[in-house]
Amino acid sequence: MISAGYDYMNLGYNIPLYRAARAVELLREGKPVPRGTIQVGFKHKTFEEICRYGLDKSVIEAMKKSSAVDETKQYMLVVEKILPKGAAHNVGIRGGDVLLKINGKQMHTYVDVESLLDSFVGKSIKIDMWRHGETRTFEVTVEDLEKMAPKEFLEISNAIIHDMSYPWALQYGMEMGGVFLAKQGYMFGGVPPSSIIKKIGIDETPNLSAFIKVMEALPNGTLVAVEYVNALDQNKVEISAATVDKRWYPFQRAVRDDTEGKWHFSDCEKPNDGETAQEKSVAIVGGISSSEVNTSTHVANALVSIEFSSPFPIEGGMNFGKSKAWGCGVIVDMELGLILCSRDVANTTLCDVQCTFAASKTIPAQVIFVHPLESYSIIKYDPHLLLNDATVQVRELELSKDRVVPGSKFEFVGLDRDQTLFYNETKVHQILDRQSMGSGMPSSFFGFMFSFGADHSHKPLPFESLRMGGESRGAVGVHYHKDEEIVMAYTLSPGRTHMAADVVPLLTAIQEAMHKGVPLPTELKSLPIYMEFMTLAIARSIRHLPDEWALKLMESNDSVQRKVLTVSRKMVGSNSYEKFEVNDIILSIDDTPVSLVGDYKKLVDGKETVKVSVLRSSKVIDLGQVRTTSFSALGTTRIVECCGLILHDPHPALLYLSSQDKFGKGGIYVAFKEGGSPAEQAEAKNGLHNSDETNEINSKLITRVNEAKVTSLDEFLDAVVKCKHDEYVKFTTKNVDNGELAVHNIRLDLEYWKTRDMSRMPSGEWVSKFIEHEK
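Residues numbered from 1 in each chain as written. Predicted model: local features only at pLDDT ≥ 70, side-chain atom pairs only at ≥ 80, totals over all residues. Heavy atoms only, no water.

As for the overall build of the chain
Part 1 of the reasoning: Within the chain, the regular secondary structure consists of 17 helices and 51 strands.
Part 2 of the reasoning: A total of 775 residues make up the chain; the buried ones form 52% of that total.
Part 3 of the reasoning: Considering only contacts within the chain whose residues lie at least 6 apart along the sequence, 65% involve residues at least 24 apart.
Part 4 of the reasoning: Summed over its atoms, the accessible surface of the chain is roughly 35600 Å², and 49% of this surface lies on carbon and sulfur atoms. (Helix = DSSP H or I, 4+ residues; strand = E, 2+ residues; numbered from the N terminus. Buried < 20%, exposed > 50% of the residue type's maximum accessible area, 1.4 Å probe, protein only. Contact = heavy atoms within 4.5 Å. Areas by Shrake-Rupley, 256 points an atom, 1.4 Å probe, with all protein chains shown as cover.)

A word on the confidence of the model for the chain
Part 1 of the reasoning: Summing up the model confidence of the chain, the mean pLDDT is 83 and the portion of residues at 70 or higher is 84%.
Part 2 of the reasoning: When mean pLDDT is taken per element in the chain, strand β40 (residues 609–616) scores highest with 97 and strand β30 (residues 449–451) scores lowest with 32.
Part 3 of the reasoning: Counted against residues more than four places away or in other chains, residues 273–295, with its pLDDT under 50, gives 43 contacts.
Part 4 of the reasoning: Every residue in residues 318–322 is under pLDDT 50, and counting partners more than four places away or in other chains gives 15 contacts. (pLDDT = per-residue confidence, 0-100.)

Looking at the pattern of salt bridges
Part 1 of the reasoning: Within the structure shown, the criterion is met by 30 salt bridges.
Part 2 of the reasoning: The partner of Asp590 in a salt bridge is Lys607, with the nearest N and O atoms 2.9 Å apart. Placement of the pair is Asp590 in the loop between β38 (585–589) and β39 (592–593) and Lys607 in the loop between α13 (597–604) and β40, with a sequence separation of 17 residues.
Part 3 of the reasoning: Take Lys607: its relative accessible area is 29%, and that puts it in the partly exposed class.
Part 4 of the reasoning: One network of salt bridges, in which partners are shared, links Arg35, Glu146, Arg256 and Asp258. (Salt bridge = Lys/Arg side-chain N within 4 Å of Asp/Glu carboxyl O.)

Quick notes on the nonpolar core
Part 1 of the reasoning: Counting residues in hydrophobic clusters, the biggest one holds 36 residues, and the most contacted among them are Leu338, Leu340, Phe369, Ile378, Leu399 and Val478.
Part 2 of the reasoning: For this core, the element with the most residues is helix α9 (residues 504–516), which contributes five residues.
Part 3 of the reasoning: In this view, Ile378 contacts Leu338, Ile339, Leu340, Gln366, Val367, Ile368, Phe369, Leu507 and Ile510; residues no more than four positions away in its chain are not counted.
Part 4 of the reasoning: By size, the runner-up hydrophobic cluster in this structure holds 26 residues, among which are Ala682, Ile702, Val710 and Val729. (Core = buried A, V, L, I, M, F, W, Y, C linked by side-chain atoms within 4.5 Å.)

Let's talk about the pairing of strand β5 (residues 75–82)
Along any regular strand the residues' side chains alternate between the sheet's two faces.
Part 1 of the reasoning: The buried fraction of β5 amounts to six of the eight residues, a majority that puts the element mostly inside the structure.
Part 2 of the reasoning: Here strand β4 (residues 40–46) pairs with β5 via seven bridges, running antiparallel. Across the sheet, residue Gly41 finds its bridge partner in β5, namely Lys81. (Pairing = 2+ DSSP bridges.)

So, the layout of surface pockets
Part 1 of the reasoning: Of the voids in this model, the largest pocket is the one considered here, and its volume is about 980 Å³.
Part 2 of the reasoning: Together, 38 residues line the largest pocket, and Pro250, Gln252, Tyr752, Trp753 and Lys754 are the ones closest to its centre.
Part 3 of the reasoning: Elements represented by at least two residues in the lining of the largest pocket include exactly β11 (152–156), β18 (251–257), β19 (262–267), β43 (638–642) and β51 (766–770).
Part 4 of the reasoning: At four residues, the largest contribution of residues to the lining of the largest pocket is made by β19.
Part 5 of the reasoning: Of the residues belonging to the lining of the largest pocket, the class tally is 16 nonpolar, nine polar and 13 charged. (1 Å grid on protein atoms, 1.4 Å probe; cavity = no way out; pocket = protein on both sides within 12 Å on 5 of 7 lines; lining within 4 Å. Points joined across faces, edges and corners; volume = space filled by probe spheres on them. Nonpolar A, V, L, I, M, F, W, Y, C, P; charged D, E, K, R; others polar.)

Some thoughts on the state of the cysteines
Part 1 of the reasoning: Overall, the coordinates contain zero disulfides when judged by the stated rule.
Part 2 of the reasoning: For Cys723, which is in no disulfide, the shortest distance to another cysteine sulfur is to Cys642 and amounts to 8.2 Å.
Part 3 of the reasoning: A relative accessible area of 4% places Cys723 in the buried class. (Disulfide = S-S within 2.5 Å.)

Notes on the packing of aromatic side chains
Two descriptors summarise a pair of aromatic rings, namely the distance from one centre to the other and the angle between the planes of the rings.
Part 1 of the reasoning: Throughout the structure, instances matching the rule amount to 10 aromatic pairs.
Part 2 of the reasoning: Taken together, a centroid distance of 5.8 Å and an interplanar angle of 5 degrees make the contact between Trp168 and Tyr172 stacked. Linking Trp168 with Tyr172, this pair stays in helix α6 (residues 166–172), spanning four residues, or about one helical turn.
Part 3 of the reasoning: Ring geometry for Trp168 versus Phe180: centroids 5.2 Å apart, planes at 35 degrees, classification tilted. Taken as a pair, Trp168 in helix α6 and Phe180 in strand β13 (residues 179–183) lie far apart in primary sequence, 12 residues in all.
Part 4 of the reasoning: One aromatic cluster is present, built from ring pairs that chain together Phe153, Trp263, Phe265 and Tyr752.
Part 5 of the reasoning: Across from the ring centre of Trp549, 4.4 Å away, lies the NZ or CZ of Lys552, which sits over that ring.
Part 6 of the reasoning: Residue placement shows Lys570 over the ring face of Tyr577; its charged tip is 4.6 Å from the ring centre. (Phe/Tyr/Trp six-rings, centres within 6.5 Å; stacked < 30°, edge-to-face > 60°. Lys NZ or Arg CZ within 6 Å of the ring centre and 35° of its normal.)

Here it is as structure tokens:
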């Protein structure tokens, strides 16, 4: 049966009505609907194909003449799959056997076989099979298929785990039994779905109950080994590392209630609060290898391998696969436990971080600072976890306060993902403002960066650049003075090198705050404009830049790359949006001519207001005092989960990409849509699929809930809590690219998809609470 779809075809299957009628009649009588199986999968073969199995022609002719055979169904059934240690396998039935009769009755169709098996649940049947030129008879006890269906499952870290079910076992030809990973979720991202989990750490997990018992004993944040067998490669036992997660998602057991037709959830036990994952840091066998160990080991001991993962794709991260990342960091303060790393790796505080020191010990860490305008983040670990461990030798490196100059020679020490050490001599070829394409840059990253290397893909960003030579491709690390062992520059994400001097001021402020026990800086001020570059020649010839300003800008730019800064985008809702116009050429900040990003940053960052002069329509215009905007150094600090949608306030990148007329009064940003959620089901009902983005709710702004306008998360919650379970909620959304409105009617399922509010506390911890709706 083929049914037409939206703009493609759906393949459907019909069910004989008499089979459905049987089930309905039994249900009316209050009786169970028995379903039998012998753990075998059959396949139709035509009589012509059956001849190749060596079946006697006399047998085939008898089958053809059988009154049970429809002229349109000239075929027989052959055993295609058989479950190891299943009922049929245990009595000797094997793949390739041709089915002749069951209990003396010829069988030609799946429905005939299933109907008979359903009538003999718990009883023995005799099966006649043809194999190797002879008929063989087997006596098999029909098993109850209902008893093979999982009656409970575990939900942990958004993963779904249950005992192996019969359909999956039959599909992959696997033995019934074992713990089946139906959905990877967050914690088991390194384990393929449809795998059988054999062990957690050293504990075997033969069934779901044993698995739950093991997981209940593990504290949140514990790094464990997961031993599993991939259903697609059953001859190999593999091992993956996983960090136990019990804080981002519910840790609960679901049991099926057949009388109500529902699943009832109960929380699983958790270890006492006094027991922490930090007490169970894991030592990893291995070491840093290099042909230059004598020269570089000292510096290498300051390098840290970082595994970053975020439980929710936020701020557009879902489009670039940024929920998990690897990178390298450098220890800059051993006493406080501070690590400098790339913002490409650690781009939000909504995350879990594991740091590996000297390739020998892994411990948890926390992102405490994400620079909103530059390329780095600061991670904190507990230094006490590294004390008294002879296998771990670490040190800190001092960051230079001096800026790099062309021609400088440094030593480069870096790591690749396998923690192999690279050593080389590097040289600064050029320092210039340039426009590059950041490799894999998330859409939330708009700002100024210090970098080098070949152009890659994605959003263009202006920055002051170091063009280096001699770096080992693919390695990330630091460039330092060999004699003084002071870091001059760092390459903590492939293809981008940055000056260490630009980190020192804020790092010093963070260190001082931590020593004094006062809150860390949580926001930075700057002008919310996104700039690109224009050559001085074009600015003079096409934009009619006055000669006097050309001379002033040339004097402020000591580079042979004569360029000026132009406004490309501006942030909606800011004072800059009102003051600036796109394509303005920035001439001066506080009466100081500026054409380099580095100079611009020094003149703007941290101030409440700045005086700005620009060139607009061939005229020099004084904009007067322009108010700066505060940018969060923590990223998104609150999210709401509703109907399977991950929601948060519009992030800076979205405000840059939109315009005031398209953005309007704003709304709530839809960061992600969970698979199988009511939101996804609503789109499926409308015939949407992955390639149809016109009416998808992802990356849109929710502006109304039913008839209530919403511009904040609080307003959204106030409106949605008035909606009851099983009611349809009307979400009006806006596309910020073109301003188009759309309506999404989503059924509110508060039984399985509860509304949740998650916020970051001043301590750095994230706290979640479920929201009660009106009854």
